[in-house]
Amino acid sequence: MAISIKLAVILVVSAILTSAQGISILEAKNLKAQKKILGFLTFGDSSVDSGNNDFLLTPFKSNFAPYGINYFNHTPNGRFCDGRLAADFVVEYFDFGNYVPAYLDPDLKAKYITHEKYVATFASAGSGYDPLTALYGLVNPLSAQLELFKQYKQTMIGRLGSKKAQNTMDKVICLISAGTNDLILNYLGNPFSIRRLQYTQDGYEDYLVTFMRQYMEEMHQQGCKRIAVAGVPPIGCMPVVKLMTFTAGNSCSDTYNEAAMSMNSKIQAELKSFRLARGVKTAYLDTYQTMWDAIQNPYKYGFDETAKGCCGTGYIEIGPSCRGLPTCSNPKEYVFWDSVHPTQALYKIMSKSLLRSFTADFFL
């Protein structure tokens, strides 16, 4: 698969920036056992939404078959996947259980209140850093997610008292995973978007990072002392993007991938700036490299199909358009579940890479 010189340079630079040795699964479990880490909270889009959209008036849902066919009890649950997401595996590595509950699920919220479990997602599939992105799917923007987080924090204070609640928050990982929908739905893939009239591509990326900084500031004000941000994956390799850009075979759209890598470099720079300004622990979680490598070298990871998703034709289906459609016989051999989202098999591989993105000093 040929890639542009610009993209190759960005890949090399990113690899250098994220080359620090991260923690192992055993070390993650020990951190939890030693009470150095007490929880895991996530914000963002479908990459970390485990069912919040089920409780919103939005068409952007996945609480129906064939979604969830490889989840526990083969049950659709609001995840845009055949099974678990990367975050579900990460909390398992930290020994917090085997899934991240959706905050808006009343049953799971009741369990949180009963068992003092500091693991939840406020994410909403279809959202992004840009508030306008969430309007397209009538989903919760990050600002609304942060309001839910404030409710969660008040529940903690009510149960624990202010001092203990803050001491607990000091040891909770707060993760943001967004940007994909902004770049695809609100800029590159939308010729009618007002953002294309307002900004150059580079300017729009800066605009997104400005919002990211704003959200991190608000999270910090609410007590987050350990903030992680996931990068944007190689969106130019998503089947629906390849269809939109007439990219054939196993090739990917360089235009989209270069935008993702450019955005990722800005995320890393902003994280460094925020860390120095606020004195908090930050981590950049690389979602690009592992997914890119799996697409470039599928047999290395046990994959056979990288160009299309498992649901329906694999090129256009996502969410409601995937409902009730036949699927491939073995999702474990597919990189993509639908035309956008990875399979559980890839998410599990990515989760181990994400864990390695957490360096030891993040937990000091």
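Since this is a predicted model, take the numbers as computed values, not measurements.

## Some details on the overall build of the protein
Alright, step 1. Helices and strands together make up the secondary structure of the protein, namely 14 helices and seven strands.
Alright, step 2. Here the C-alpha radius of gyration of the protein, 19 Å, is about what a compact globule of 364 residues would show, namely 21 Å.
Alright, step 3. If you line up the protein on its principal axes, its C-alpha atoms span 55 × 45 × 40 Å.
Alright, step 4. Looking at the 364 residues of the protein, the share that counts as buried comes to 59%.
Alright, step 5. Nonlocal contacts in the protein, meaning residues at least 24 apart in sequence, comprise 73% of its contacts between residues at least 6 apart.
Alright, step 6. As displayed, the protein offers around 14800 Å² of accessible surface, 56% of which is attributable to carbon and sulfur atoms.
Alright, step 7. Once the 35 positive and 31 negative side-chain charges of the protein are each reduced to a mean point, those two points are 8 Å apart.

## A few points about helix α14 (residues 344-356)
For an α-helix, 3.6 residues make a turn, and residues three or four places apart therefore share a direction.
Alright, step 1. A rise of 1.5 Å per residue sets the reference length of α14, with its 13 residues, at 18 Å; its end C-alpha atoms lie 19 Å apart and thus fit the reference within 8%.
Alright, step 2. Residues of α14 that are buried include every one of Gln344, Leu346, Tyr347, Met350, Ser351, Ser353, Leu354 and Leu355, and no others.

## Topic: the confidence of the model for the protein
Alright, step 1. Here the protein averages 93 in pLDDT, while 92% of its residues score no lower than 70.
Alright, step 2. Taken as a whole, residues 13-19 scores under 50 in pLDDT and shows nine contacts with residues more than four places along the chain or in a different chain.

## A closer look at helix α13 (residues 288-296)
Alright, step 1. Burial within α13 is extensive, with seven of its nine residues counted as buried.
Alright, step 2. Turning to α13, its buried residues are Tyr288, Thr290, Met291, Trp292, Asp293, Ala294 and Ile295.

## Some words on the packing of aromatic side chains
Alright, step 1. One pass over the structure, following the stated rule, counts 24 aromatic pairs.
Alright, step 2. Each ring, one from Phe94 and one from Phe358, has its centre 6.3 Å from the other, and the planes form 80°; the classification is edge-to-face. Of this pair, Phe94 sits in the loop between α3 (86-93) and α4 (106-115) while Phe358 sits in the segment after α14; the two residues are 264 residues apart in sequence, bridging distant segments of the chain. Phe358 shares its class with Phe94; the two are buried.
Alright, step 3. One aromatic cluster is present, built from ring pairs that chain together Tyr187, Tyr199, Tyr204, Tyr207, Phe211 and Tyr215.
Alright, step 4. In this structure, Arg196 packs its charged tip against the face of Tyr187, placed 5.5 Å from the ring centre.

## Quick word on the state of the cysteines
Alright, step 1. Within the structure shown, the criterion is met by four disulfides.
Alright, step 2. Two residues, Cys310 and Cys328, share a disulfide whose sulfurs are 1.9 Å apart. The S-S bond linking Cys310 to Cys328 shows a torsion near -100°; that makes this disulfide left-handed. Remark: Cys328 occurs in the loop between β6 (305-309) and β7 (334-336) and Cys310 occurs in the loop between β6 and β7; sequence separation between them is 18 residues.
Alright, step 3. The side chain of Cys311 participates in a disulfide bridge whose partner is Cys322; the two sulfur atoms lie 1.8 Å from each other. A torsion of 125° about the S-S bond marks the disulfide between Cys311 and Cys322 as right-handed. In this pair, Cys311 sits in the loop between β6 and β7 while Cys322 sits in the loop between β6 and β7, placing the two residues eleven residues apart along the sequence. You'll find Cys311 and Cys322 in the same group, each marked buried.
Alright, step 4. The connectivity of the disulfides in the protein is 1-2, 3-4, 5-8, 6-7, where the numbers refer to bonded cysteines in sequence order.

## Focus: the pairing of strand β4 (residues 226-230)
Alright, step 1. For β4, the buried fraction is high: five of the five residues fall into the buried class.
Alright, step 2. As judged from the five bridges shared by β4 and strand β5 (residues 281-285), these two strands associate in the parallel manner. Note on β5: the bridge partner recorded for Val229 is Tyr284.

## Examining the packing of helix α8 (residues 180-188) against helix α10 (residues 201-221)
Alright, step 1. Taken N-terminus to C-terminus, the directions of α8 and α10 make an angle of 135°; their axes are 12 Å apart at the nearest point. Considered as vectors, α8 and α10 are oriented oblique to each other. For the element pair α8 and α10, the recorded crossing hand is right-handed. Only Gln201, Tyr204, Glu205 and Leu208 of α10 make contact with α8, whose side of the interface consists of Asp182, Leu183, Asn186, Tyr187 and Leu188.
Alright, step 2. Partitioned by chemical class, the residues of the contact of α8 with α10 number five nonpolar, two polar and two charged.

The rules we used
- Residues numbered from 1 in each chain as written.
- Predicted model: local features only at pLDDT ≥ 70, side-chain atom pairs only at ≥ 80, totals over all residues.
- Heavy atoms only, no water.
- Helix = DSSP H or I, 4+ residues; strand = E, 2+ residues; numbered from the N terminus.
- Rg over C-alpha atoms; globule rule 2.2 N^0.38 Å.
- Buried < 20%, exposed > 50% of the residue type's maximum accessible area, 1.4 Å probe, protein only.
- Contact = heavy atoms within 4.5 Å.
- Areas by Shrake-Rupley, 256 points an atom, 1.4 Å probe, with all protein chains shown as cover.
- Lys, Arg positive; Asp, Glu negative; His and termini not counted.
- Charge placed at Lys NZ, Arg CZ, Asp CG, Glu CD.
- Expected span 1.5 Å × (residues − 1).
- pLDDT = per-residue confidence, 0-100.
- Phe/Tyr/Trp six-rings, centres within 6.5 Å; stacked < 30°, edge-to-face > 60°.
- Lys NZ or Arg CZ within 6 Å of the ring centre and 35° of its normal.
- Disulfide = S-S within 2.5 Å.
- Pairing = 2+ DSSP bridges.
- Axes fitted to C-alpha atoms, helices over the stretch in contact; angles between N-to-C directions.
- Parallel < 35°, antiparallel > 145°, perpendicular 65-115°, else oblique.
- Left-handed = near helix turned anticlockwise from the far one by under 90°.
- Nonpolar A, V, L, I, M, F, W, Y, C, P; charged D, E, K, R; others polar.

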